[in-house]
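Letter by letter, the chains look like this.
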Amino acid sequence: MKLGKVSDTILSRSVFKLIRKRVGQKLEKPYLGQDASGFAAGDSNIALSSVACGYMAVYRAVNNIYAAGGCPVGILDCVILNDKAREIRLKEIIGELERQAAVAGIPILGGHTTVSEKVNQPVVTVTSLGVENVSRPKVKPGQDIVAARWIGISGIRQIIDAKQEEILKVLPCDVIDKALGNEKDMLVGDIAEVVLKSDSSVRMHDVSEGGIFASLWDLAESGNVGIDVDLRAIPVKQEIVEICELFNINPYELESLGCLLVTSDNGCDIVKLLNTCGIKATVIGKVTEGNQRIIRSNDEVRFLDLPQQDEIYKLLGKGATL
């Protein structure tokens, strides 16, 4: 199998098909496009999300809770090291997880650390625990699709980290600075808070590995609906486009932590509210009947393909550990 997120085809065939809901359990059966699982515990609705390795693992896990309409309350980590690893490496890993947790404002509640000969490099899993504040309605035909904040933020940060010297030979320093933005831009909690105050009946999906094309596909799959999207309306910084062009990278298939997709009956109202709060947002398309996933660009019309391997692997050959 390819590096990165397992394809939707394999997930459907070899993961979701084998998972059964137990009698008496108040929980949702996993499905495509669902990044956080919900279940009832007494009078509370709990949301859980786990991510393994990947760039900014804490942010990824926490964003999944926010996108589910929940409020993260803490995280758990699991770190597996090989038997040749030194203690200093463990300190580095935990230090980075704690740094991310501090930026996100979420405490580390505990976890598990072990050494195994079965791995040849550290394997890190982060599980985020949250409380669901609202129900998660299905995506419905006729709704607007809103994209909040820029695409490609987390992917471009990895590219800059690995290729900064090459970039500076062609582009000035201020292009890099503008592309990088603020690290907090990779968290979607501020977006979700504003959106839910405006309309608690929305459906949200955070954009991460595979880029906005993969997330649009998953959004459509989650509601068994079609989409009709204007490529030109998708928010992307010109500086990110310029850096992507240097390396023949498609920004629409590049990891995009910090971007949030929202489906709503009143997309324009949500856009106005987000823009008032200083958050870039646009209506990029509509949810449609059927299962056609259409992407338009001027007079060109194409159909969205099954999610592809994230572009970061094409350039770097591997993903980031944390």
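What counts and what doesn't
Sequence order as written defines residue numbering, which begins from 1 separately in each chain. At least 70 in pLDDT is required for a residue's local features to be given in this predicted model, at least 80 for side-chain atom pairs to be given and counted, and no such filter applies to totals for whole chains, interfaces and linings, which use all residues. Each side-chain value is worked out from all heavy atoms of the structure, with water and hydrogens disregarded. Strands are runs of DSSP state E lasting at least 2 residues, helices are runs of H or I lasting at least 4, and numbering of each runs from the N terminus. Every residue pair with non-hydrogen atoms within 4.5 Å of one another is taken to be in contact. Areas reported as accessible are Shrake-Rupley estimates using a 1.4 Å probe. Residue values count occlusion only from the protein chains shown. Here the nonpolar core consists of buried residues drawn from Ala, Val, Leu, Ile, Met, Phe, Trp, Tyr and Cys, with membership extended through side-chain atoms lying within 4.5 Å. Residue exposure (1.4 Å probe, protein chains only): buried if accessible area is under 20% of the type maximum, exposed if over 50%, otherwise partly exposed. The term salt bridge refers to a pairing of a side-chain nitrogen on Lys or Arg with a carboxyl oxygen on Asp or Glu at a separation within 4 Å. Two rings from Phe, Tyr or Trp (for Trp, the six-membered ring) form a pair when their centres are within 6.5 Å of each other. A pair whose planes differ by under 30 degrees is stacked, one over 60 is edge-to-face, and the rest are tilted. Two limits define a charge over a ring: the Lys NZ or Arg CZ must be within 6 Å of the ring centre, and within 35 degrees of the ring normal. Whether two strands pair comes down to DSSP finding at least two bridges between them. Axis lines are fitted to C-alpha atoms, over the contacting stretch for helices. Their N-to-C directions set the angle, which ranges from 0 to 180 degrees. Expected helix span is given by 1.5 Å per residue-to-residue step, counting one fewer step than there are residues. The arc under discussion is defined with respect to the helix axis, by the directions toward the C-beta atoms. Exposure above 30% relative accessible area and the absence of a salt bridge qualify a residue for a patch, where like charges join within 9 Å and nonpolar side chains (Val, Leu, Ile, Met, Phe, Trp, Tyr) within 5 Å. For classification, angles of less than 35 degrees are called roughly parallel, those exceeding 145 degrees roughly antiparallel, those between 65 and 115 degrees roughly perpendicular, and all remaining angles oblique. Each crossing gets its hand from how the near helix is turned against the far one by less than a right angle, where anticlockwise is left-handed and clockwise is right-handed.

**Observations concerning the overall build of the chain**
Check the secondary structure of the chain and you find ten helices and twelve strands. Partitioning the contacts of the chain with sequence separation of at least 6, the portion at a separation of at least 24 is 82%. When the accessible area of the chain is evaluated, it comes to approximately 15500 Å², of which 50% is carbon and sulfur surface.

**Concerning the nonpolar core**
Residues I212, L216 and I243 are the most contacted members of the largest nonpolar core, which totals 42 residues. With six residues, helix α7 (residues 211-223) is the single largest residue contributor to this core. Setting aside residues up to four positions removed in sequence, I212 forms contacts with A147, I151, V207, I234, Y252, L261 and I284. Y55, I93, L97 and V202 belong to the second-largest nonpolar core, a separate cluster that totals 40 residues.

**Some remarks on the pattern of salt bridges**
Considering all chains together, one arrives at 14 salt bridges under this definition. In this structure, the salt-bridge partner of R60 is E209, at a minimum N-O distance of 3.9 Å. Placement of the pair is R60 in helix α2 (residues 57-67) and E209 in the loop between β7 (203-207) and α7, with a sequence separation of 149 residues. Taken individually, R60 and E209 each receive the classification buried, so the pair is uniform in this respect. One network of salt bridges, with partners in common, ties together R60, E209 and E255.

**As for the packing of aromatic side chains**
Applying the stated criterion across every chain yields a total of one aromatic pair. Ring geometry for F213 versus Y252: centroids 5.5 Å apart, planes at 15 degrees, classification stacked. Of this pair, F213 sits in helix α7 while Y252 sits in the loop between α8 (238-246) and β9 (259-264), placing them 39 residues apart in sequence. Accessibility expressed as a relative area gives 6% for F213, which makes it buried. By relative accessible area, which is 15% here, Y252 ends up buried. Lying over the aromatic face of W217, R293 brings its terminal NZ or CZ to 4.6 Å of the ring centre.

**Details of the sheet that holds strand β8 (residues 226-230)**
The seven strands are arranged β7-β9-β6-β10-β8-β11-β12 in an open sheet whose pairing can be described as mixed. Each having just a single partner strand, β7 and β12 (300-303) make up the two edges of the open sheet. The sheet shows a mean angle of 25 degrees between the axes of neighbouring strands, direction not considered. Where strand β11 (residues 293-297) lies against β12, four bridges are found, and the strand directions are antiparallel. For I295, the partnering residue across the bridge sits in β12 and is R302. Its contacts with the sheet put helix α9 (residues 267-276) on β6 (144-148), β9 and β10 (281-288), and the angle it makes with β10 is roughly 160 degrees.

**Side note on the pairing of β10**
For a regular strand, the rule is simple: side chains alternate between the two faces of the sheet. Bridge count between β6 and β10: five bridges; the pairing is antiparallel. When the sheet's bridge partners are listed, A148 is paired in β10 with A281. By the bridge criterion, four bridges tie β8 to β10 in an arrangement that is antiparallel. Considered in β10, the bridge of D228 is made with K286.

**A word on helix α3 (residues 87-104)**
In an α-helix, one turn spans 3.6 residues, which is why side chains three or four residues apart end up on the same side. The first and last C-alpha atoms of α3 sit 26 Å apart over 18 residues, in line with the 26 Å expected at 1.5 Å per residue. All of the buried residues in α3 are I93, L97, Q100, A101 and A104. The buried residues of α3 occupy an angular sector of 100 degrees when the element is viewed end-on, so they sit on one face. Structural note: α3 exposes E87, K91 and A102 on the side pointing more than 90 degrees away from its buried face. Residue G105 follows α3 closely and has a positive phi angle near 75 degrees.

**Observations regarding the environment of S135**
Here S135 lies in the loop between β5 (123-132) and β6. Residues S135 and V202, 67 residues apart in the sequence, show an inter-C-alpha distance of 9.3 Å.

**Considerations on a nonpolar patch on the surface**
Taken together, the side chains of L48, V73, L76, L109, L129 and V131 present a nonpolar region at the surface, about 430 Å² in accessible area. Where the nonpolar patch is concerned, the elements lending two or more residues are β3 (70-81) and β5. Position of L129 relative to the elements: it lies in strand β5.

**Side note on the packing of helix α6 (residues 189-198) against α9**
One can describe the packing of α6 onto α9 by two numbers: an axis separation of 10 Å at closest approach and a directional angle of 135 degrees. Between α6 and α9, the angle falls in the class oblique. Both α6 and α9 take part in a crossing whose hand is right-handed. For the pair α6 and α9, contact is made by I191, V194, V195 and S198 and by I270, L273 and L274, respectively.

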